[in-house]
Amino acid sequence: MKISVNDEAREVPEGLPLKALLAELGLESKPGLAVAVNQSVVPAAELAAYQLAAEDAVLIIQATQGG
């Protein structure tokens, strides 16, 4: 199925858990991540249970420190 991740089209298996997508992208253990699907934030505790659907728009951002 097709989804978009940070505005880039991506083909993923049907019903892929959001946590599995993060693992596929090498982001599952990155600190300070925020994930939204279709403009709704998905709490970290729900990442494993949240299943993606066709045409979902996923936005992944990472907090950074600066000075």
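The structure under discussion appears in the preceding block.
Our subject in this report is the structure included herewith. Bear in mind the structure is a predicted one, so any value in this text is a computation, not a measurement. (Residues numbered from 1 in each chain as written. Predicted model: local features only at pLDDT ≥ 70, side-chain atom pairs only at ≥ 80, totals over all residues. Heavy atoms only, no water.)

Section: the overall build of the chain
Consideration 1: Within the chain, the regular secondary structure consists of 1 helix and 5 strands.
Consideration 2: Secondary structure elements of the chain occur, N-terminal to C-terminal, as β-β-α-β-β-β.
Consideration 3: The C-alpha atoms of the chain give 12 Å as radius of gyration, which agrees with the globular expectation for 67 residues (11 Å, within 12%).
Consideration 4: By principal-axis analysis of the C-alpha atoms, the chain measures approximately 40 × 25 × 20 Å.
Consideration 5: Evaluated residue by residue, the chain yields a buried proportion of 28% over its 67 residues.
Consideration 6: A total of about 4,500 Å² of accessible surface is found on the chain, and carbon and sulfur atoms cover 51% of it.
Consideration 7: Looking at charge distribution, the chain has the averaged site of its 4 positive side-chain charges lying 7 Å from that of its 9 negative ones. (Helix = DSSP H or I, 4+ residues; strand = E, 2+ residues; numbered from the N terminus. Rg over C-alpha atoms; globule rule 2.2 N^0.38 Å. Buried < 20%, exposed > 50% of the residue type's maximum accessible area, 1.4 Å probe, protein only. Areas by Shrake-Rupley, 256 points an atom, 1.4 Å probe, with all protein chains shown as cover. Lys, Arg positive; Asp, Glu negative; His and termini not counted. Charge placed at Lys NZ, Arg CZ, Asp CG, Glu CD.)

A few points about the pairing of strand β5 (residues 57-62)
Consideration 1: As paired strands, strand β1 (residues 2-5) and β5 are joined by 2 bridges and run parallel to one another. If you follow S4 over to β5, its bridge partner there is A57. (Pairing = 2+ DSSP bridges.)

What to know about the environment of E8
Consideration 1: Following the sequence through the fold, E8 ends up in strand β2 (residues 8-11).
Consideration 2: A residue is classified by how much of its surface remains accessible, and E8, at 58% relative accessible area, is exposed.
Consideration 3: Considering only alpha carbons, one finds E8 and L59, 51 residues apart in sequence, at a separation of 10.0 Å.

So, the sheet that holds β1
Consideration 1: An order of β2-β1-β5-β3-β4 is seen for the 5 strands of this open sheet, with the pairing classed as mixed. Only two strands of the sheet have a single neighbouring strand rather than two, namely β2 and β4 (40-41).

Side note on the nonpolar core
Consideration 1: In this structure, I3, L18, L21, V35, L52, V58 and I60 are the most contacted members of the largest nonpolar core, which totals 16 residues.
Consideration 2: Counting residues per element, the ones that place at least two in this core are β1, α1 (18-24), β3 (33-37) and β5.
Consideration 3: For this core, the leading source of residues is α1, giving 3 residues.
Consideration 4: Each residue touching L52, except ones within four places of it in the same chain, is listed here: M1, I3, G15, L16, L18, L21, V37 and V58. (Core = buried A, V, L, I, M, F, W, Y, C linked by side-chain atoms within 4.5 Å. Contact = heavy atoms within 4.5 Å.)

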